[in-house]
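Working through the structure, step by step
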Protein chains: 2
Amino acid sequence: MPRPATKRPGDDDSASSSAEQTRKALVIAALRLFGTVGYDGASTREIAAAANANLGSIAYHFGGKEGLRLAVADYIVGLMQDLAARAAAASPPLPPATPEAAEAQLSIMLERMFGFFVASPQAAEIVPFVLREMSAPTDAFERIYAGVFEPLHKRFCGVWEMATGEPADSAGTKISVFTLIGQVVYFRLARQAVLRRMGWKDIGPAEVSAIASIATRNLRVAIAAHRSDRS
Amino acid sequence: MPRPATKRPGDDDSASSSAEQTRKALVIAALRLFGTVGYDGASTREIAAAANANLGSIAYHFGGKEGLRLAVADYIVGLMQDLAARAAAASPPLPPATPEAAEAQLSIMLERMFGFFVASPQAAEIVPFVLREMSAPTDAFERIYAGVFEPLHKRFCGVWEMATGEPADSAGTKISVFTLIGQVVYFRLARQAVLRRMGWKDIGPAEVSAIASIATRNLRVAIAAHRSDRS
DNA sequence: GTCTATAAACAGATAGAC
DNA sequence: GTCTATCTGTTTATAGAC
């Protein structure tokens, strides 16, 4: 009997059954291939081979290729939520009290986003997958939007309000946060163009740092401008 | 005998031969389908049907599906160059003399980019196509990079230098321009998420105007910050 | 649960009539 | 140049042995 539906990613690394290992390997291999060559570009045979699993196991565990897509979406949601929880544990969990503290926290959040979305190899698979799902909204997109996108955006908006005084649910705040996130994601998506134009061989820590310092500077002056508008 | 390779888009609308019409219809249909469902997701049969053409005509005119991909890339390059030429004809062709004029021109360029990339239906096909080509650099990407991406980016960098005094070929300038372009492109790519989060039904002129006003304001303060750094 | 074999549909490319 | 028919390989899904 095929398994229900949802499964958290990093729960049982050691004591997992062989079936769970197979299942997880398939999801990870699928994410990698979906991210690089796209859903249609990846065949179930390639995925099974990359996961060192059998072709039939996809049908068994996920019902078919479409079920695998949903499992990948759930995997991404779990992954990002783990990441968010770890980030929350590292920095002050409660909303910062002063605008200055909020501004500093926004900078940190922005830098972390660059670190993950641009530098992390995982993001090279996740970001293209998510954005492809977005262009033709499927059930997979619904889950990612509700599980990752909206919470992240809302969190940014909340800190933005603390920093600028602009209400978190105002159109202006939401748009400002979109421009913030858009910058970051773009450096992942247009990576090839960036590399060539910058004359870089790779976007490593040094390059990310150069990018992030400019972005955080822009963020700082943008906050100042928004803040002065309301004083 | 199959045709050479390159063909400009809007050259001969009236006096074009039937063959040219077929060829153009195929390219346009292919762009639409490649943009929406991806290269692998679009079958040659679908493309031919959408173009009201025959399946065999793809092989005849382009040698195969891969040739059609290149033709689409060339079509995009021609389209964007036409657009750039028209924009250049409308505004002062020569570099602006004062920093203030340069700043104003940057704002106009940014607004035009929002108008095209976010509001234009054509961009809904072009942007996803280009970004997909970018993730696995093919010959199609080479042509688009050289024909569209680099010229556009260089032009922005040149005006940026006029506005801020920061050298056009400096890393900082290039990165700043990337953040500028990235914002714009993101609103196209993440359109579904933006719509839902904003509670919008569509991103029309009013919404684009709201977005652009925030982006240009951010641009203005960013320029001011860069400029003061150098004084 | 895992694996193999196979079915049924579909892909892109091609040959040849018109 | 256009169009039809067909070839060849590949796709996903499935049935059934182990």
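Predicted model, so just to flag it, every value in this text is computed and none were measured. (Residues numbered from 1 in each chain as written. Chains lettered and ligands numbered in written order. Predicted model: local features only at pLDDT ≥ 70, side-chain atom pairs only at ≥ 80, totals over all residues.)

Structural notes on the overall build of chain A
Of regular secondary structure, chain A possesses 10 helices and zero strands. Counting only C-alpha atoms, chain A reaches 65 × 40 × 35 Å along its principal axes. Relative to its 231 residues, chain A shows a buried fraction of 41%. Look at the contacts in chain A between residues 6 or more apart in sequence, and 68% of them connect residues 24 or more apart. (Helix = DSSP H or I, 4+ residues; strand = E, 2+ residues; numbered from the N terminus. Buried ≥ 20, exposed ≤ 12 C-beta atoms within 10 Å, placed from the backbone. Contact = placed C-beta atoms within 7 Å.)

Observations regarding the protein's contact with DNA strand D
Around DNA strand D, the structure places 18 residues, and the nearest of them are Ser43, Ala59 and Gly64 of chain A together with Ala19 and Gly56 of chain B. Put simply, the parts of the chain that give the surface near DNA strand D at least two residues each are α2 (44–50), α3 (55–62) and α4 (65–90) of chain A together with α1 (18–37) and α3 (55–62) of chain B. Broken down by element, the surface near DNA strand D gets its largest block of residues, four residues, from α3 of chain B. Tallied by class, the residues present in the surface near DNA strand D amount to six nonpolar, nine polar and three charged. (Near = placed C-beta within 6 Å. Nonpolar A, V, L, I, M, F, W, Y, C, P; charged D, E, K, R; others polar.)

Structural notes on the relation of the copies chain B and chain A
Aligned on chain A, chain B shows an RMSD of 0.1 Å; the corresponding rotation is 180° and the shift along the axis is 0.0 Å. With respect to symmetry, the two chain copies, as superposed, fit the operation of a two-fold axis. Comparing contact sets, 100% of the residues at the interface of chain B also lie at the interface in chain A, consistent with an isologous, same-surface contact. (Least-squares fit on C-alpha atoms with pLDDT ≥ 70 in both.)

Some points on the protein's contact with DNA strand C
Ala19 and Gly56 of chain A together with Ser43, Ala59 and Gly64 of chain B are the nearest of the 18 residues found near DNA strand C. If you list the elements that add at least two residues to the surface near DNA strand C, you get α1 (18–37) and α3 of chain A together with α2 (44–50), α3 and α4 (65–90) of chain B. With four residues, the single largest contributor to the surface near DNA strand C is α3 of chain A. Residues that form the surface near DNA strand C fall into these classes: six nonpolar, nine polar and three charged.

A word on the interface of chain B and chain A
With 45 residues of chain B at the interface, the matching set in chain A holds 45 residues. Where the side of chain B that touches chain A is concerned, the elements lending two or more residues are α1, α6 (121–135), α7 (139–164), α8 (171–189), α9 (191–198) and α10 (205–229) of chain B. Among the elements that take part in the side of chain B that touches chain A, α8 of chain B stands out by supplying 13 residues, more than any other. Each residue belonging to the side of chain B that touches chain A can be placed in one class, and the counts come to 27 nonpolar, 12 polar and six charged.

Here's the deal with the nonpolar core
Membership of the largest hydrophobic core comes to 136 residues, with the highest contact counts inside it found for Ala30, Val72 and Ile144 of chain A together with Ala30, Val72 and Ile144 of chain B. Residue contacts for Ile144 of chain A: discarding those within four places in its chain leaves Ala73, Ile76, Val77, Val130, Glu133 and Phe149 of chain A. (Core = buried A, V, L, I, M, F, W, Y, C linked by C-beta atoms within 7 Å.)

Section: the environment of Gly172 of chain A
You can see Gly172 of chain A is positioned in helix α8 (residues 171–189). For the pair Gly172 of chain A and Asp229 of chain A, spaced 57 residues apart in sequence, the C-alpha to C-alpha distance is 12 Å. Apart from residues lying up to four places away in sequence, Gly172 of chain A is in contact with Glu166 of chain A together with Ile214 of chain B.

Remarks on the packing of helix α7 (residues 139–164) of chain A against α8 of chain A
Residue and element names in this part refer to chain A. It is at 9 Å that the axes of α7 and α8 come closest, and there the two elements cross at 115°. The two elements α7 and α8 cross, and the hand of that crossing is right-handed. Residue-level contacts link His153, Phe156, Cys157, Trp160 and Glu161 of α7 to Thr173, Lys174, Ser176, Val177 and Leu180 of α8. Split by residue class, the contact of α7 with α8 holds five nonpolar, three polar and two charged. (Axes fitted to C-alpha atoms, helices over the stretch in contact; angles between N-to-C directions. Left-handed = near helix turned anticlockwise from the far one by under 90°.)

Section: the environment of Val118 of chain A
Residues and elements named next belong to chain A. Mapped onto the fold, Val118 is located in helix α5 (residues 99–119). As for Val118 and Leu189, which are separated by 71 residues in sequence, their C-alpha atoms are 8.8 Å apart. In contact with Val118, other than residues within four places in its own chain, are Val184, Phe187, Arg188, Ile203, Val208 and Ile211.

What to know about the packing of helix α9 (residues 191–198) of chain A against α7 of chain B
With their axes 11 Å apart at the nearest point, α9 of chain A and α7 of chain B run at an angle of 65° to one another. Seen from above, α9 of chain A lies across α7 of chain B with right-handed handedness. Contact residues: α9 of chain A offers Gln192, Ala193, Arg196 and Arg197 of chain A, while α7 of chain B offers Phe141, Tyr145, Phe149, Glu150 and His153 of chain B.

Observations regarding the environment of Thr22 of chain A
All names here are of chain A. Along the chain, Thr22 turns up in helix α1. Classification of Thr22 as buried rests on a count of 20 C-beta atoms within 10 Å. Once the C-alpha coordinates of Thr22 and Asn52 are considered, the two residues, 30 residues apart in sequence, prove to be 8.2 Å apart. In this structure Thr22 touches Ala53 and Ser57, once residues within four positions along its chain are discounted.

What about helix α10 (residues 205–229) of chain A?
In a regular helix each residue adds 1.5 Å, so 25 residues correspond to 36 Å; α10 of chain A covers 35 Å between its end C-alpha atoms and thus fits that length. Of all the residues in α10 of chain A, the buried ones are Glu207, Ile211, Ala212, Ile214, Ala215, Asn218, Leu219, Ala222, Ile223 and His226 of chain A. Where α10 of chain A is buried, its residues meet α5, α7 and α8 of chain A together with α8 and α10 of chain B. (Expected span 1.5 Å × (residues − 1).)

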